[in-house]
Amino acid sequence: MKLTEKLKTYLQDKVDEVLPKYQEEYRSVLQALGFNSAINGSFVEFMSVYSDEHYGKLGLIHDIMYDDLSDIENGVSKQLWNNNVPKKYISL
């Protein structure tokens, strides 16, 4: 599953894309964590292409790929998993 065209158009207008060399790195990190384009396609696409800090009316999504998943051993998600939170959950 991919991001919808409506969402992609919105993101392209409002958000800078991650540099291509980091997009590949982020895809590799996500694949190593068990995410793949066939099952998690929209998530993989969003995280590898548009991962950044996003501020909105309801709060903030921090740059998960840079701040958490690219350094998984020191990231918030790893701390959650070490405290019995299932690995399918990541910190946003």
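The structure we're discussing is the one just above.
Since this is a predicted model, take the numbers as computed values, not measurements.

Reading guide: rules and limits
- Residues numbered from 1 in each chain as written.
- Predicted model: local features only at pLDDT ≥ 70, side-chain atom pairs only at ≥ 80, totals over all residues.
- Heavy atoms only, no water.
- Helix = DSSP H or I, 4+ residues; strand = E, 2+ residues; numbered from the N terminus.
- Rg over C-alpha atoms; globule rule 2.2 N^0.38 Å.
- Buried < 20%, exposed > 50% of the residue type's maximum accessible area, 1.4 Å probe, protein only.
- Areas by Shrake-Rupley, 256 points an atom, 1.4 Å probe, with all protein chains shown as cover.
- Phe/Tyr/Trp six-rings, centres within 6.5 Å; stacked < 30°, edge-to-face > 60°.
- Axes fitted to C-alpha atoms, helices over the stretch in contact; angles between N-to-C directions.
- Parallel < 35°, antiparallel > 145°, perpendicular 65-115°, else oblique.
- Left-handed = near helix turned anticlockwise from the far one by under 90°.
- Contact = heavy atoms within 4.5 Å.
- Nonpolar A, V, L, I, M, F, W, Y, C, P; charged D, E, K, R; others polar.
- Salt bridge = Lys/Arg side-chain N within 4 Å of Asp/Glu carboxyl O.

(A) Inspection of the overall build of the protein chain at higher detail. Secondary structure assignment for the protein chain yields 5 helices and 2 strands. Relative to the compact-globule value of 12 Å for 92 residues, the protein chain shows a C-alpha radius of gyration of 13 Å, a close match. Each of the three principal axes of the protein chain carries a C-alpha extent, and together these read 40 × 30 × 25 Å. The burial tally for the protein chain puts 36% of its 92 residues in the buried class. About 6500 Å² of surface is accessible on the protein chain, with carbon and sulfur atoms providing 53% of the total.

(B) Expanded view of the packing of aromatic side chains. Summed over the entire model, instances satisfying the criterion amount to 3 aromatic pairs. Seen in terms of ring centroids, Phe 35 and Phe 43 are 5.0 Å apart; in terms of plane orientation they differ by 35°. Their pairing is tilted. A relative accessible area of 15% means that Phe 35 is categorised as buried. You can call Phe 43 partly exposed: its relative accessible area is 25%. Both rings, one in Phe 46 and one in Tyr 50, keep their centres 6.4 Å apart while their planes meet at 35°; by these two values the pair is tilted. You can see Phe 46 and its partner Tyr 50 sitting in helix H3 (residues 37-50), 4 residues apart, about one turn around the helix.

(C) Structural context of the packing of helix H2 (residues 20-32) against H3. At their nearest, the axes of H2 and H3 sit 8 Å apart, and the two run at 140° to each other. The orientation of H2 with respect to H3, classified from their angle, is oblique. Crossing hand, H2 versus H3: right-handed. From H2, Gln 23, Tyr 26, Arg 27 and Leu 30 reach across to H3, where they touch Phe 43, Val 44, Met 47, Ser 48 and Val 49. Its residues placed into classes, the contact of H2 with H3 shows 6 nonpolar, 2 polar and 1 charged.

(D) Inspection of the pattern of salt bridges at higher detail. If you walk through the whole model with that rule in mind, you get 4 salt bridges. A salt bridge links Arg 27 to Glu 24; its shortest N-O distance comes to 3.0 Å. With Arg 27 and Glu 24 both in helix H2 and 3 residues apart, the pair spans about one turn of that helix. Of the charged contacts, one joins Glu 73 and Lys 78 as a salt bridge, the two residues approaching to 3.6 Å between their closest N and O atoms. Connected via shared salt-bridge partners are Glu 5, Lys 8 and Glu 45.

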